[in-house]
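Here is what each chain is made of, one letter per residue.
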Amino acid sequence: MALGFGLALVVISGAGGAGLHMLADRYDNSVVKEMLLDPAARQERGAVTGPLNYLLVGSDQRPTAGPEADQRSDTIMIAHLPAGLDRAYLISIPRDLLVEIPPAPASGYPGGPDKINSAFQYGGGGQGGTRLLSATLTRLTGIRFDGAALVNFAGFQRAIDLLGGVRMCVDTPVRSIHTKSVFNPGCHQMNGAQALDYARQRYDLPNGDFDRQRHQQQLLRAMMDKATTADMLRNPLRLDQVIRAIGSSFTVDTNGTRLEEMIFAMRRIRSDALLGIQLPSHSEMIDEVSYVLLDEPANTLFDSMHNTDLDNWARANPKWVNRL
């Protein structure tokens, strides 16, 4: 899941004092750093002050995977932090969203209309794929990003196991197409493999991929709930293991900002200050292919992210807000 970057910041900041500096240093040493943002998608800034927008991308492939692999991004989110940096919105981008993808000269892709998750593949996956994806999103939304994170699922699964699992509440029966497991309605304690399996399902759900997006947002909330319990924060060994497991699964672009500065700036964000946003859109068949098309409120959503007014947008558009 491309969600744990913010989670790591919150967990580290919860340690406080000298522990904050030690864990921040450990996390800084465990993550891979690359230039993930296209120059056209990069926000030029100095100090870490809000509002902030981060691109979060999840894929089964590591950045070293070859361009010949099928590397479509499984998860795409924009994390928006309003000016006070005390809360966060997770805006999920539907993988089948029809967009205009810019050319990628390095891979020979000429550009054109396609599903947004194809941009990651056309850019060659990894660093190149994230760059093309960031350029595609900037062209669509007008938003430039303050940083980006690309995650591999295996390390994220281990982090959930080190947390002792998470509590996920299932609202409709879900059958996994990957493991054939059935997740029945009710709240369940899930280990890493179960939680990620559940959060990646989209078939046979009432709202398809839109439900999958909401489940992924809920998983981040569940991880933050578990990671910031008093028992976890009082266990420096386990906390260090969690931080390193998260860090080892990430490639990050901090846009020139030191990780410790980011952690200090975001130290007040807690799990109950997370809100999920479903991008206003709908599914539609075009030439026998299923796409997702934007609805009109999407443009006002992008405008509100520019104008630091997302709180008011959320209040005016409760239909598109996921309470996590």
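These numbers were taken from a predicted model, which means no experiment stands behind them.

**Focus on the packing of helix α6 (residues 192–199) against helix α7 (residues 209–227)**
- Two elements in contact, α6 and α7, have axes separated by 8 Å at closest approach and are oriented at 150 degrees. Classified by the angle between their axes, α6 and α7 sit roughly antiparallel to one another. Two secondary-structure elements touch here, α6 through A195, L196, Y198 and A199 and α7 through R212, H215, Q216 and L219.

**Quick look at helix α9 (residues 236–248)**
- Helix length check: α9, at 13 residues, gives a terminal C-alpha distance of 18 Å against a target of 18 Å (1.5 Å per residue), a fit within 8%.
- By the burial criterion, the buried members of α9 are L239, D240, V242, I243, A245, I246 and G247.

**Some thoughts on the nonpolar core**
- Y54, L81, V166, L219 and F250 are the most contacted members of the largest nonpolar core, which totals 50 residues.
- Here the element with the most residues in this core is α7; it accounts for six residues.
- The next biggest cluster of nonpolar side chains, apart from the first, holds 39 residues, and it includes V57, I91, A119 and F120.

**A few points about the layout of surface pockets**
- Estimates place the volume of the largest pocket at around 240 Å³.
- Lining the largest pocket we find 13 residues, and of these R167, M168, C169, A222 and D225 sit closest to its centre.
- For the lining of the largest pocket, the element with the most residues is α7, which contributes six residues.
- Counted by class, the lining of the largest pocket contains six nonpolar, one polar and six charged residues.
- Of the voids in this model, the second largest pocket is the one considered here, and its volume is about 190 Å³.
- As for the second largest pocket, its lining consists of 13 residues, of which D38, A104, G128, R131 and L132 are closest to the centre.
- Its residues placed into classes, the lining of the second largest pocket shows eight nonpolar, three polar and two charged.

**Overview of the confidence of the model for the protein chain**
- Predicted confidence across the protein chain gives a mean pLDDT of 84, with 87% of residues reaching 70 or more.
- Taking the mean pLDDT of every element in the protein chain, the minimum, 57, falls on helix α1 (residues 4–15) and the maximum, 98, on strand β5 (residues 98–101).

**Structural notes on the pairing of strand β2 (residues 52–59)**
- With eight of its eight residues buried, β2 lies for the most part within the structure.
- Residues L52, Y54, L56 and G58 of β2 are buried on one face, and the alternating residues N53, L55, V57 and S59, pointing to the opposite face, are buried as well.
- One ladder, built from seven bridges, connects β2 with strand β3 (residues 75–81); its direction is antiparallel. Each residue of the ladder has a partner; that of L52, found in β3, is L81.
- One ladder, built from six bridges, connects β2 with strand β7 (residues 147–152); its direction is parallel. Paired with L55 across the bridge in β7 is A148.

**Considering the packing of aromatic side chains**
- Summed over the entire model, instances satisfying the criterion amount to two aromatic pairs.
- Pairing Y109 with Y122 gives two aromatic rings, centres 4.1 Å apart and planes at 15 degrees, and the pair type is stacked. Note that Y109 is positioned in the loop between β5 and β6 (112–115) and Y122 in helix α3 (residues 118–122), a separation of 13 residues in sequence.
- When its relative accessible area of 14% is taken as the criterion, Y109 is described as buried.
- Positioned above the aromatic ring of Y291, the side-chain terminus of K115 is 5.7 Å from the ring centre.

**Some thoughts on the environment of N255**
- If you trace the backbone, N255 turns up in the loop between β12 (250–253) and α10 (259–265).
- When its relative accessible area of 12% is taken as the criterion, N255 is described as buried.
- With 211 residues separating them in the primary sequence, N255 and E44 have C-alpha atoms 8.0 Å apart.
- In contact with N255, not counting residues within four places along its chain, are R42, Q43, R45, F145, D146 and G147.
- Separated by 3.0 Å, the side chains of N255 and R42 make a polar contact.

Reading the values: rules and limits
Residues numbered from 1 in each chain as written. Predicted model: local features only at pLDDT ≥ 70, side-chain atom pairs only at ≥ 80, totals over all residues. Heavy atoms only, no water. Axes fitted to C-alpha atoms, helices over the stretch in contact; angles between N-to-C directions. Helix = DSSP H or I, 4+ residues; strand = E, 2+ residues; numbered from the N terminus. Parallel < 35°, antiparallel > 145°, perpendicular 65-115°, else oblique. Contact = heavy atoms within 4.5 Å. Expected span 1.5 Å × (residues − 1). Buried < 20%, exposed > 50% of the residue type's maximum accessible area, 1.4 Å probe, protein only. Core = buried A, V, L, I, M, F, W, Y, C linked by side-chain atoms within 4.5 Å. 1 Å grid on protein atoms, 1.4 Å probe; cavity = no way out; pocket = protein on both sides within 12 Å on 5 of 7 lines; lining within 4 Å. Points joined across faces, edges and corners; volume = space filled by probe spheres on them. Nonpolar A, V, L, I, M, F, W, Y, C, P; charged D, E, K, R; others polar. pLDDT = per-residue confidence, 0-100. Pairing = 2+ DSSP bridges. Phe/Tyr/Trp six-rings, centres within 6.5 Å; stacked < 30°, edge-to-face > 60°. Lys NZ or Arg CZ within 6 Å of the ring centre and 35° of its normal. Polar contact = N/O pair within 3.5 Å; in protein donor to acceptor, adjacent residues only side chain to side chain.

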